[in-house]
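Commentary on secondary and tertiary structure
So you can see what is in the structure, the chains are spelled out below.
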Amino acid sequence: MKPLPTILAILLPLTARAAPLLVIPGNSVRGARIFETEQCIRCHAVNGRGGKVGVDLGRAVPRHYSPAYLASTMWNHAPVMWSAMDKAGIETPQLTPESAADLFAYFYSARFFEKPGDPERGKQTFEGKHCSVCHGITESRAEGAPPVAKWESLADPVLLVRQMWNHTYRMRQAFQRRHLEWLSLTSEELTDILGYLRSLPETAHLAGRFSNTTGQGGEQIFQAKGCAHCHTGALALDDRLHNMTLTDIAVDMWNHAPRMAEQPPLLTAEEMRQLLSFLWMRQFVYPGGDIAAGKKVFVARNCAQCHMSGRNGAPPLPGQARKYSEVTIISALWRHGPQMLRRMNQSGMAWPQFSNAQEVADLIAYLNSIQ
Ligand code: HEC
Ligand code: HEC
Ligand code: HEC
Ligand code: HEC
């Protein structure tokens, strides 16, 4: 008989697959609109455009990236934000889960989640890694190599991942023809290169974009394109993509090249979007938190005081039929937060602050642990 952990390892993915949670489709164009109609833009600028009361949400700061980061930072800042809204006569937005998903996409497109690159270093790397041999900024320097000013992939990180997958085989051959040694990339190097290329006036028209699908169909693409051929067992991607940005994944696509004996199957933009919505965005639906740790957070941050006993008009948690994710918790915060804050004030409680994003991931795992 197999030992218990092995049986669980076989059963768990099956039960998880029995009722997979789908990702809510988000779109940065819709998100940008919500950012305006819900008046976020009156206080927050994104990449310089907008109000100056709150922080510029597109400014590149070194954040410890994790999917729970946006939810936790919004939660912590919410009361200050709401009172600023009160003063400015702005009604608190009632974000639906769909609008939260769109806002999330907008934040991604504004590179809120990306690590900042160093343009100076990026310029050197772009030359040092021979990229500039073939790619001019406005002119092609080798057959078929698009000039940087035409790179759609500079605007949309999903397309970057796609190009890095589709083109590396041909690029590697082009390297060989020119007797250039194939060079692997690190995340820092690509981040610097992107920081450099995006800082150029010639690429200013490539405004950031991001969108995702439900991810349904992603698994089928994973099989059909041969990823599943290598990525099973120890190489299974199920939990490997946690806390990775799409730039990190683009680097991994590039670094695959030497492993590919022949041209791998190409992916269309839509296929890659579907695949990443399935593979990578799963971490937003299943944030990988720890249930026991989440229960501790629930008690330590006073949530239990109202939600466990159903006191102060609070719905019992956990136990709601709805499942929370990194995205829907943001919607819950905006919809129910102001009322929660009033109740807390009435009972002399301070607004709970999370000390890090992991606490939110753990909390979500706990909230979802009981149907
Ligand atoms: C009336 C002004 C105002 C409006 C409108 C506003 N905010 Fe804020 N926001 C602030 C202030 C002020 C802070 C900083 C709070 C603090 O320092 O505790 C903040 C903080 C934040 C943060 C945390 C930033 C970080 O990196 O730590 C996020 C995210 C955010 N707001 C998102 C939004 C979104 C999304 C909207 C629209 C739905 C919005 N804000 C509307 C004033 C506002
Ligand atoms: C030997 C020539 C050569 C070198 C060196 C080279 N590339 Fe390319 N690159 C190409 C060609 C050719 C294509 C188009 C491939 C195709 O369409 O299948 C391309 C396409 C791309 C694209 C897709 C652009 C878009 O959105 O359409 C990106 C991104 C890219 N290269 C990045 C890089 C980076 C980063 C480096 C350096 C680490 C690099 N390339 C080095 C030849 C090269
Ligand atoms: C020929 C075998 C092979 C194929 C086919 C393949 N990969 Fe990989 N992939 C690898 C290997 C080997 C690694 C390196 C794993 C490591 O470093 O531990 C890797 C790494 C990765 C990583 C980084 C994982 C991490 O832990 O950082 C991602 C993401 C990835 N592959 C995605 C894909 C996708 C998506 C496809 C299909 C479009 C694919 N791979 C097809 C062999 C393959
Ligand atoms: C002072 C009592 C109180 C405390 C403490 C409190 N809440 Fe609430 N919570 C409420 C009330 C009341 C509502 C319902 C608000 C409404 O109807 O808009 C609510 C609603 C919610 C909802 C939305 C439920 C739904 O219907 O989807 C979530 C999620 C939530 N709270 C999470 C938390 C978390 C996490 C904490 C701790 C960090 C917390 N609450 C602490 C009183 C509280």
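Not measured: the values here are computed from a predicted model.

With that settled, the discussion passes to the environment of arginine 273. You can see arginine 273 is positioned in helix H13 (residues 269-279). In this structure arginine 273 comes out as buried when scored by relative accessible area, which is 8%. Separated by 84 residues in the primary sequence, arginine 273 and alanine 357 have C-alpha atoms spaced 26 Å apart. Apart from residues lying up to four places away in sequence, arginine 273 is in contact with Asp156, Val158, Leu159, Ser211, Asn212 and Thr213.

Here we take up helix H15 (residues 291-300). Listed in full, the buried residues belonging to H15 are Gly294, Val297 and Phe298. Across the axial projection of H15, the buried residues extend over an arc of 100°, all falling on one side. Away from its buried face by more than 90 degrees, H15 exposes Ala292, Lys296 and Ala300. Buried positions along H15 lie against helix H16 (303-307) and helix H18 (357-367). N-capping of H15 is provided by aspartate 290, with a side-chain oxygen placed 3.3 Å from the backbone N of alanine 292. Backbone geometry just after H15 places asparagine 302 at a positive phi near 70°.

For the iron atom of ligand 4, the protein coordination sphere consists of His307 (NE2) and Met340 (SD), at 2.0 to 2.3 Å. Because the angles between the 6 donor atoms bound to the iron atom of ligand 4 fall within 85 to 178°, the donor set is best described as octahedral. Within this pair, whereas histidine 307 is found in helix H16, its partner methionine 340 is found in helix H17 (residues 328-346), the two being separated by 33 residues in sequence. Take methionine 340: its relative accessible area is 24%, and that puts it in the partly exposed class.

Moving on: the site of ligand 2. Ligand 2 sits among 21 residues. The nearest are Cys131, Cys134, His135, His167 and Met171. Between serine 153 and ligand 2, the recorded distance is 2.7 Å, taken from a side-chain N or O atom to an oxygen atom. Ranked by residue count, the leading element in the shell around ligand 2 is helix H8 (residues 157-177), at 7 residues. For the shell around ligand 2, the per-class residue count stands at 10 nonpolar, 6 polar and 5 charged.

Turning next to H13. All of the buried residues along H13 are Met272, Arg273, Leu275, Leu276, Ser277, Phe278 and Leu279. Structurally, H13 contributes buried residues whose contacts are with H8, strand S4 (211-212), helix H10 (218-224), helix H11 (227-230), helix H12 (246-256) and helix H14 (282-285).

Within the largest apolar cluster, 103 residues are counted, with the highest numbers of intra-cluster contacts made by Phe35, Phe107, Leu190, Leu197, Leu246, Ile249 and Trp280. Split by domain, the residues of this core number at least three in each of domain 1 (6-110 + 286-367) and domain 2 (119-285). Not counting residues up to four positions away in its chain, the partners in contact with phenylalanine 107 are Phe35, Leu57, Leu70, Met74, Phe112 and Phe113.

What follows is about the packing of aromatic side chains. By the definition in use, this model includes 18 aromatic pairs. Look at phenylalanine 210 and tryptophan 280: their rings are 6.4 Å apart centre to centre, the planes differ by 75°, and that puts the pair in the edge-to-face class. Here tryptophan 280 lies in the loop between H13 and H14 and phenylalanine 210 lies in the loop between helix H9 (187-198) and S4, a separation of 70 residues in the sequence. Here phenylalanine 210 matches tryptophan 280 in class, with each residue buried.

Here we come to the coordination of the iron atom of ligand 1. Looking at the iron atom of ligand 1, the protein donor atoms are His44 (NE2) and Met81 (SD), and they sit 2.0 to 2.2 Å from it. Between the 6 donor atoms coordinating the iron atom of ligand 1, the angles at the centre fall across 84 to 178°, so the site counts as octahedral. Note that histidine 44 is positioned in the loop between helix H3 (40-43) and strand S2 (45-46) and methionine 81 in helix H4 (residues 69-87), a separation of 37 residues in sequence. As far as the burial class goes, histidine 44 and methionine 81 line up, both buried.

Right, let's get into the site of ligand 4. Ligand 4 sits among 23 residues. The nearest are Cys303, Cys306, His307, Tyr324 and Met340. Here histidine 307 contributes a side-chain N or O atom positioned 2.8 Å from a nitrogen atom of ligand 4. At 2.6 Å, a side-chain N or O of tyrosine 324 approaches an oxygen atom of ligand 4. The leading source of residues in the shell around ligand 4 is H17, at 6 residues. For the shell around ligand 4, the per-class residue count stands at 14 nonpolar, 6 polar and 3 charged.

For the chain, the assigned domains are domain 1 (6-110 + 286-367) and domain 2 (119-285). For domain 1 versus domain 2, the distance between C-alpha centres works out to 30 Å. Taken together, the 22 residues of domain 1 in the interface contact 22 residues of domain 2. Buried area between domain 1 and domain 2, summed over both chains or domains, comes out near 2,000 Å², and the portion from carbon and sulfur atoms is 62%.

Let us now look at unusual backbone geometry. The peptide bond linking leucine 317 to proline 318 adopts the cis configuration, its omega dihedral lying at -10°. Mapped onto the secondary structure, proline 318 falls in the loop between H16 and H17. A positive phi angle, close to 70°, is found at histidine 130, a residue other than glycine. One can find histidine 130 in the loop between helix H6 (119-128) and helix H7 (131-134). Of the residues examined, histidine 130 reaches a relative accessible area of 24% and is grouped as partly exposed.

Cut-offs used in this document
- Residues numbered from 1 in each chain as written.
- Chains lettered and ligands numbered in written order.
- Predicted model: local features only at pLDDT ≥ 70, side-chain atom pairs only at ≥ 80, totals over all residues.
- Heavy atoms only, no water.
- Helix = DSSP H or I, 4+ residues; strand = E, 2+ residues; numbered from the N terminus.
- Buried < 20%, exposed > 50% of the residue type's maximum accessible area, 1.4 Å probe, protein only.
- Contact = heavy atoms within 4.5 Å.
- Arc of directions from axis to C-beta.
- Polar contact = N/O pair within 3.5 Å; in protein donor to acceptor, adjacent residues only side chain to side chain.
- Donors = N, O, S within 2.8 Å, 3.2 Å for Na, K, Ca; no water.
- Tetrahedral: all angles 85-135°; square planar, octahedral: opposite > 155°, others 65-115°.
- Near = heavy atom within 4 Å.
- Nonpolar A, V, L, I, M, F, W, Y, C, P; charged D, E, K, R; others polar.
- Core = buried A, V, L, I, M, F, W, Y, C linked by side-chain atoms within 4.5 Å.
- Domains from an automatic or database assignment.
- Phe/Tyr/Trp six-rings, centres within 6.5 Å; stacked < 30°, edge-to-face > 60°.
- Buried area = accessible area lost by both parts, 1.4 Å probe.

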